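Report on the structure
The residues making up each chain are set out below.
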Amino acid sequence: MGFENFGTVSFTAEAKVADFITQLEAGKVMATRCRKCGGSYFPPKADCPKCLSSDVEWFEVKSQGKLLSYTVVNYGPSGFENDAPYILALVKFDEGIQILARLSRDIEEKDIKMGMNLTVNPAKLPDNRIAYEFRRA
Ligand SMILES: [Zn+2]
């Protein structure tokens with residue numbers, strides 16, 4: 001399973017990080033950490049952009065993140081036109097990564113607070129596709 005079932009708009013198949021989708025379908029949101037310099041990456045990277053090492057390990061993002069910023073998207077980009085409005089949020093996790101993703105639709109804008117605790121979770125989309133989203137911790 002590669003990136004062909006990820007999100008609304010297909011990614012080009014990325015063989016080296018295709019495990020990400022397999023794990024997502026198994027209920028886990030995974031990131032990578034460089035064994036050489038300790039850099040952590042999301043989306044996962046098979047090669048470390050800091051030290052160029054390919055010695056990376058996978059880990060699950062399971063901490064409670066804190067909301068850093070968000071925006072209400074009223075006009076979706078190509079592939080997301082019919083989804084708007086939705087809320088795009090930036091969340092910082094203890095694992096040393098920041099993730100940009102949508103907030104679950106069950107969180108309304110009036111209930112959003114900076115620094116609120118959120119978890120990142122796989123989210124099923126129509127047509128058997130899969131992505132990830134933030135939910136209340
Ligand atoms: Zn590195």
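Scroll up a little and you will see the structure.
Here goes a summary of the coordinates provided. Predicted model, so just to flag it, every value in this text is computed and none were measured.

Now for the pairing of strand β8 (residues 129-136). In this sheet, β8 lies alongside strand β6 (residues 97-103) in parallel orientation, the contact comprising 2 bridges. By the bridge assignment for β8, Leu103 is matched with Phe134. The pairing of strand β7 (residues 117-125) with β8 spans 8 bridges and is antiparallel. Along β8, the bridge assignment pairs Lys124 with Ile130. In this antiparallel pair of consecutive strands, β7 and β8, the connection spans 3 residues, and Asp127 shows a positive phi of 65°.

Moving on to the sheet that holds strand β1 (residues 30-34). With antiparallel pairing, 3 strands are arranged side by side in an open sheet as β2-β1-β3. Both outer strands of the open sheet, β2 (40-41) and β3 (56-60), are each paired with one neighbouring strand and no more. Bridge analysis of β1 against β3 gives 5 bridges, and the strand direction is antiparallel. In the strand pairing of β3, Arg33 is matched with Glu57.

Once that is clear, we can look at the environment of Leu67. As for its placement among the helices and strands, Leu67 is situated in strand β4 (residues 65-73). Taking the C-beta count within 10 Å as the criterion, Leu67 has 19 such neighbours and is therefore assigned partly exposed. Along the chain, Leu67 and Leu118 lie 51 residues apart, while their C-alpha atoms are 7.0 Å from each other. Leu67 has contacts with Ala89, Val91, Met114, Gly115, Met116 and Leu118, leaving out every residue within four places of it along the chain.

The next point concerns the nonpolar core. Ranked by size, the top nonpolar core spans 21 residues in total, and within it Val61, Val91, Ile99, Val120 and Phe134 carry the most contacts. Listing elements by their share of this core, those giving two or more residues are α1 (19-25), β5 (86-93), β6, β7 and β8. If one sorts the elements of this core by residue count, β6 sits on top with 4 residues. Apart from residues lying up to four places away in sequence, Ile99 is in contact with Phe42, Val91, Phe93 and Val120.

Take unusual backbone geometry next. Working note: non-glycine residues mostly have negative phi, and peptide bonds are mostly trans. Following Phe42, the chain continues to Pro43 via a peptide bond in cis, the omega torsion being -5°. Note that Pro43 resides in the loop between β2 and β3. Look at the link from Ala84 to Pro85: it is a cis peptide, with omega at -5°. Within the secondary structure, Pro85 sits in the loop between β4 and β5.

Calculation criteria
Residues numbered from 1 in each chain as written. Predicted model: local features only at pLDDT ≥ 70, side-chain atom pairs only at ≥ 80, totals over all residues. Pairing = 2+ DSSP bridges. Helix = DSSP H or I, 4+ residues; strand = E, 2+ residues; numbered from the N terminus. Buried ≥ 20, exposed ≤ 12 C-beta atoms within 10 Å, placed from the backbone. Contact = placed C-beta atoms within 7 Å. Core = buried A, V, L, I, M, F, W, Y, C linked by C-beta atoms within 7 Å.

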